Amino acid sequence: MKLLILLGLVALTKARVIADDNENCNGVIVNGINHEKQILKENVDKPYQLALDYDTNTLYFSYTATDGSVFRSAYINLKTNEFGTIKGIRGGFANAVDPKTHKIYIGGSDGIYVVNENSQTAVKTDITDLNIWQVFVKDDVYFTSYPDENAYVYKDGETKIVPEIGDAKAMLLAVDKNHDIYYYNSSGVFHYNKADGTTKNIGDNTVNGFTHDSNDNIFFSTPTGVYSVKDNSVTKVVGINNIYGAAIAADGSIIYAADNSIVKLKSTGHECSTELEVLHL
Ligand SMILES: *[C@@H]1O[C@H](CO)[C@@H](O)[C@H](O)[C@H]1NC(C)=O
């Protein structure tokens, strides 16, 4: 009898611990840590191509403006929450920050612009007059065109097709610190290895954006999650549905675009190990 009561008590205590832990683990789990969703900006339709300026902690992104089907580039200062749209640009769609100079580049329907951060106004460059899909800056300015899906690089005052990609199509691309190139086209995700000059297919994910963290590590987002990518390996960081794009905060937190908002995954510091699930069984 005593033993039964004792066993019952143990079971009860265990059940409570599990219940607590389930509560603390009901957010989004990233690397075994529970995270809660913090809304950074609401009422922005399908935010796309997020780019974070680590210098000013300002996030640039495009969204579908309510007045028709035009794309507009906007910014939100993550320190002050100040939000505004970028003026002086036709169809702001692609956003990128040069990690070295902190210059902000925006691709529109008639070329590439540089943003004056004091007035948040875009000034057109003479890099190209093409309709831009995406821009990525790593020492040089890389960009892709729409609808022909060609990849270009602007280097030493000259614009040419990215030689490493050549005739292959590329909708989205990223360049890492070794100048390896990651790109996405309708055939899949590819990695160009600068050291040996080879190109490998590294995944069949439907990529909707490439991004990097403050240490120039490369990530990409798909409609179902955020992945980190290094050389030939792709690792899932978090699974979330209906993602339109992502950026990585200076502290490594994931910022992602949802259907109508921009969300940051904030760590609660609570470990949600798989051992608990074993206990639960
Ligand atoms: C995508 O890129 C790969 C690697 O360069 C290439 O083999 C393939 O033909 C490309 N797909 C398209 C549709 O261009």
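Please refer to the structure placed before this passage.
So, a few notes on the structure that sits alongside this text. The shown structure was predicted, so the numbers you read here are calculated from the model rather than taken from an experiment. (Residues numbered from 1 in each chain as written. Predicted model: local features only at pLDDT ≥ 70, side-chain atom pairs only at ≥ 80, totals over all residues. Heavy atoms only, no water.)

A few points about the sheet that holds strand S16 (residues 181–185)
The pairing of strands in a sheet happens through backbone hydrogen bonds and is either parallel or antiparallel.
Right, on to step 1. The strand order across the open sheet built from four strands is S15-S16-S17-S18, with neighbouring strands paired in antiparallel fashion. Each end of this open sheet is capped by a strand with a single partner; those strands are strand S15 (172–175) and strand S18 (198–203). If you compare each strand with its neighbour and ignore which way they point, the axes differ by 20 degrees on average.
Right, on to step 2. Relative to S18, strand S17 (residues 188–193) runs antiparallel, the two being bridged by five bridges. (Pairing = 2+ DSSP bridges. Helix = DSSP H or I, 4+ residues; strand = E, 2+ residues; numbered from the N terminus. Axes fitted to C-alpha atoms, helices over the stretch in contact; angles between N-to-C directions.)

Things to note about the pattern of salt bridges
Right, on to step 1. All chains considered together, the criterion is met by seven salt bridges.
Right, on to step 2. One salt bridge connects Asp110 with Arg90, and the closest N-O pair in it is separated by 3.8 Å. Note that Asp110 is positioned in the loop between strand S8 (104–108) and strand S9 (111–116) and Arg90 in the loop between strand S6 (83–85) and strand S7 (94–97), a separation of 20 residues in sequence.
Right, on to step 3. A salt bridge links Asp216 to Lys138; its shortest N-O distance comes to 2.8 Å. With Asp216 in the loop between strand S19 (209–212) and strand S20 (218–222) and Lys138 in strand S11 (residues 132–138), this residue pair connects regions lying 78 residues apart in the sequence.
Right, on to step 4. Residue classification places Asp216 among the buried positions, given a relative accessible area of 17%. (Salt bridge = Lys/Arg side-chain N within 4 Å of Asp/Glu carboxyl O. Buried < 20%, exposed > 50% of the residue type's maximum accessible area, 1.4 Å probe, protein only.)

Side note on the nonpolar core
Right, on to step 1. Counting residues in each nonpolar core, the largest one holds 29 residues, and the members touching the most others are Ile165, Leu172, Leu173 and Phe210.
Right, on to step 2. Of all the secondary-structure elements, those providing two or more residues to this core are S11, strand S13 (151–155), S15, S16, S17, S20 and strand S21 (225–230).
Right, on to step 3. Contact partners of Leu172, with chain neighbours within four places excluded, come to Tyr48, Gln49, Trp133, Gln134, Thr144, Tyr182, Tyr183, Tyr184, Val207, Asn208, Gly209 and Phe210.
Right, on to step 4. If you look at the next biggest cluster of nonpolar residues, it comprises 15 residues, including Val30, Val226, Ile254 and Ala258. (Core = buried A, V, L, I, M, F, W, Y, C linked by side-chain atoms within 4.5 Å. Contact = heavy atoms within 4.5 Å.)

Notes on empty space enclosed by the protein
Right, on to step 1. Counted according to the given criterion, the structure contains two cavities of 30 Å³ or more.
Right, on to step 2. In this structure, the largest cavity encloses a volume near 200 Å³.
Right, on to step 3. Every residue lining the largest cavity is counted, 20 residues in all, and those nearest its centre are Leu50, Ala51, Asn95, Phe210 and Thr211.
Right, on to step 4. Elements with a contribution of two residues or more to the lining of the largest cavity: strand S3 (48–53), S7, S11, S19 and strand S23 (245–248).
Right, on to step 5. When the residues that make up the lining of the largest cavity are grouped by side-chain class, the tally is 13 nonpolar, seven polar and no charged.
Right, on to step 6. Considered as a void within the structure, the second largest cavity measures approximately 40 Å³ in volume.
Right, on to step 7. Top element by residues in the lining of the second largest cavity is S11. It accounts for three residues. (1 Å grid on protein atoms, 1.4 Å probe; cavity = no way out; pocket = protein on both sides within 12 Å on 5 of 7 lines; lining within 4 Å. Points joined across faces, edges and corners; volume = space filled by probe spheres on them. Nonpolar A, V, L, I, M, F, W, Y, C, P; charged D, E, K, R; others polar.)

Describing the site of the ligand
Right, on to step 1. Around the ligand sit Ala168, Lys169, Tyr183, Asn185, Ser186, Ser187 and Phe190, and those are all the residues in its vicinity.
Right, on to step 2. In this structure, Lys169 approaches the ligand through a main-chain N or O atom, which is 3.0 Å from an oxygen atom.
Right, on to step 3. Note that an oxygen atom of the ligand is positioned 2.6 Å from one of the side-chain N or O atoms of Tyr183.
Right, on to step 4. Across the complex, the protein chains shield 63% of the 360 Å² of accessible surface that the ligand would expose by itself.
Right, on to step 5. Of the residues contributing to the shell around the ligand, the split by class is three nonpolar, three polar and one charged. (Near = heavy atom within 4 Å. Polar contact = N/O pair within 3.5 Å; in protein donor to acceptor, adjacent residues only side chain to side chain. Areas by Shrake-Rupley, 256 points an atom, 1.4 Å probe, with all protein chains shown as cover.)

A look at the layout of surface pockets
Right, on to step 1. Its boundaries defined by the atoms lining it, the largest pocket holds a volume of some 180 Å³.
Right, on to step 2. Lining of the largest pocket is provided by Asp140, Tyr142, Val153, Lys155, Lys160, Val162, Pro163, Glu164, His179, Ile181 and Lys194.
Right, on to step 3. Secondary structure elements with two or more residues in the lining of the largest pocket: strand S12 (140–145) and S13.
Right, on to step 4. Class assignment for the residues of the lining of the largest pocket results in five nonpolar, one polar and five charged.

Nothing here speaks to function; it is geometry throughout.
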